Every structure is written in structure tokens, then in C-alpha cells.
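Each chain, written out:
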Amino acid sequence: MSQIEIAQIIEQIKQEILIDANGQGKASVRAAARLANVNDAGLLRSLKTAADISRSKLVERLIYKGFECAEILSWSESGIPDVAVATILHYYGYEAGKRCTAQAKLACEAFESIGVRAWIQDLLGWTKPANPSETVMTQIQLLAAIAQQMAQQEQYLLEQQQQQNQILARLKAVEVEPDRVNTPCGHKYSVVGFANLQGLEISVKEAGTKGRKASALCRKQGIEIERIHDPRFGKVGLYPESILVEVFKAEQN
């Protein structure tokens, strides 16, 4: 008898082995007898002695393992629990005297390393379902992930809004006039707006000086100076781009 033959027997009795939702396996009397290589009718007779005063050594062994007589008597209908199957195999492998079988011993050795229950679970492809606490934890983790994603999205929108505000502030500072003041000389700007457009920093004093020079050039060339309201400086002039280029270029030189 080899492990290959044991595997063949297991495949033959696979349909007589069941597993419940908790992962506890059961085998029919016939399946247990095939594993131990004993007569199934003889095994059944031995189990039924649980109802007698004079019980079989196998039943005594099962009782020692914690099984009740009434429970043992029900196995012919409900199936033998996986733990009891292990006890039956051990009995017929080592304790049954002349009735010991090499196959029972070999099967017992094969199952002892992982346990009959684990073997049945693997044989029938059973996996442990998530318990309620694990399910709750999964839900909590999912909610945490969603909350984190929403926080990241909110932060992204806030940064986008800040960038838009900065762009609007720069556009306002540049003070580019609409097309209604677009002249052959180019768009009109205030001194501060033109400086900001060029990326230059300018003080109030410098803006005043440049504004006076720009006004003088406009009057010299007959260009009308348009005045607009500025909350920082009151009334400020709008000058053609060409005039401001000349003023700023002269200052740099």
C-alpha cells in the first residue's frame, strides 16, 4: 500500500465526504471504513455497541475522546465527524490488535501532519468566510479610504482655487484695458500695471515720476490721457504701450 493508492481511495470516496459552513467535515461510515481498509458493516456493528452495556474497544476509545454514546449512534445517518475519523484510523492502525491494517496506519500517518479536518477542507476546496468583525473592519477601512480620497480631492480643488485667485490678482494688477482703448499705439496701461506686466517691482515714488514723464510725452505727441479710478492711488493715467516702453527704456539707460 502506497500514498498513491491512498490518494486513489480518497478520490473514490470524495462524494461521501461533506463539510459545513464552519469548516467541520464529516464522512460516511462506508468512507471511513474504506480509509481504514475494514469492512463497513463491521465498523457499523462496532459503533452500534454504544447502545449496549458491553461496548466495543473502538466505542470505548471514542468515548474517551469525548464523544457521547447517543452521538456515536447517530453517525450511521448523519456521518462521522472528522475528529472521530482520525480516532477510528488511529484505532485500526495501532490499537485493534489482529484487526489492524497497514492502510489505516498509512492513512493515519498521512493525516497526522495536517489533521483530518484540514485535509477535508483542502479536498473540498473550503475557505474560511470572513467573520463579522473582519467584515466590519473591511467596511471601516473602505470608509477611511473614501474619506482620505475626498480630503485629497478637496485639497486639490482648494489649490486650484488659490491658483485661479493668483491669476486673477495678476490680471487685475496688470490692468490691461479692453479693446475700446486699443489704439495704433497699442493697448493702454497704468504705470504700475505696465511694470507688473514686465515683471518689474516699482515703488510709489518711481511710479509717480514715470507717470509724469509719460504724461509729458503724451501731451507732446497730442495723445489724450485717459484717467481711471484706482483704489490704491486714486486717479491714475492710462498711457499707450509705446509711451511706457519709451519711459521705462529711458530710465534704464
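Please refer to the structure higher up on the page.
Everything quoted here is computed from the prediction, not taken from an experiment.

S.K.: Kindly report on the packing of aromatic side chains, identifying the contributing residues and their values.
M.R.: In this structure the tally under the stated criterion is 4 aromatic pairs. Ring centres of tyrosine 91 and tyrosine 92 lie 5.1 Å apart, and the angle between their planes is 80°; on these two criteria the pair is classed as edge-to-face. Here tyrosine 91 and tyrosine 92 have matching classes, each one buried. A connected cluster of aromatic rings, assembled from ring pairs, spans Tyr189, Phe194 and Phe248. For lysine 210, the ring lying beneath its charged end belongs to phenylalanine 248, and the centroid distance is 5.2 Å.

S.K.: Give me the pattern of salt bridges: which residues, what numbers.
M.R.: Considering all chains together, one arrives at 3 salt bridges under this definition. Close ionic contact of arginine 55 with glutamate 60 constitutes a salt bridge, the shortest N to O distance being 4.0 Å. With a relative accessible area of 34%, arginine 55 lands in the partly exposed category. Glutamate 60 gets classed as partly exposed once you look at its relative accessible area, which sits at 39%. Notably, a salt bridge pairs glutamate 95 with arginine 61, separated by 3.5 Å at the nearest N-O pair. One end of the pair, glutamate 95, is in helix α7 (residues 82-95); the other, arginine 61, is in helix α4 (residues 57-64), with 34 residues separating them in the sequence.

S.K.: Summarise the sheet that holds strand β1 (residues 17-19); cite the residues concerned and give the values.
M.R.: Pairing is antiparallel in the open sheet, where 3 strands are placed in the order β1-β2-β3. The outermost strands of the open sheet, each flanked by one partner alone, are β1 and β3 (80-81).

S.K.: Any details on the packing of α4 against α7? Residues and values, ideally.
M.R.: The packing of two helices is summarised by the inter-axis angle and the distance between the axes. Where α4 contacts α7, the two axes come as close as 10 Å, and the packing angle between them is 135°. With respect to each other, α4 and α7 are oriented oblique. The way α4 lies across α7 gives a crossing that is right-handed. In this structure, α4 uses Lys57, Leu58, Arg61 and Leu62 to contact α7, whose residues at the interface are Ala84, Thr87, Ile88, Tyr91, Tyr92 and Glu95. Tallied by class, the residues present in the contact of α4 with α7 amount to 6 nonpolar, 1 polar and 3 charged.

S.K.: Outline the nonpolar core, listing residues and values.
M.R.: One finds Leu43, Leu47, Ile80 and Tyr92 to be the most contacted residues of the largest nonpolar core, which totals 29 residues. Elements with a contribution of two residues or more to this core: α2 (29-36), α3 (40-48), α4, α7 and α8 (102-112). With residues up to four places along the chain from it excluded, the contact list for leucine 47 reads Val29, Leu58, Val59, Leu62, Ile72, Leu73, Trp75 and Ile80.

Reading the values: the criteria
- Residues numbered from 1 in each chain as written.
- Predicted model: local features only at pLDDT ≥ 70, side-chain atom pairs only at ≥ 80, totals over all residues.
- Heavy atoms only, no water.
- Phe/Tyr/Trp six-rings, centres within 6.5 Å; stacked < 30°, edge-to-face > 60°.
- Buried < 20%, exposed > 50% of the residue type's maximum accessible area, 1.4 Å probe, protein only.
- Lys NZ or Arg CZ within 6 Å of the ring centre and 35° of its normal.
- Salt bridge = Lys/Arg side-chain N within 4 Å of Asp/Glu carboxyl O.
- Helix = DSSP H or I, 4+ residues; strand = E, 2+ residues; numbered from the N terminus.
- Pairing = 2+ DSSP bridges.
- Axes fitted to C-alpha atoms, helices over the stretch in contact; angles between N-to-C directions.
- Parallel < 35°, antiparallel > 145°, perpendicular 65-115°, else oblique.
- Left-handed = near helix turned anticlockwise from the far one by under 90°.
- Contact = heavy atoms within 4.5 Å.
- Nonpolar A, V, L, I, M, F, W, Y, C, P; charged D, E, K, R; others polar.
- Core = buried A, V, L, I, M, F, W, Y, C linked by side-chain atoms within 4.5 Å.

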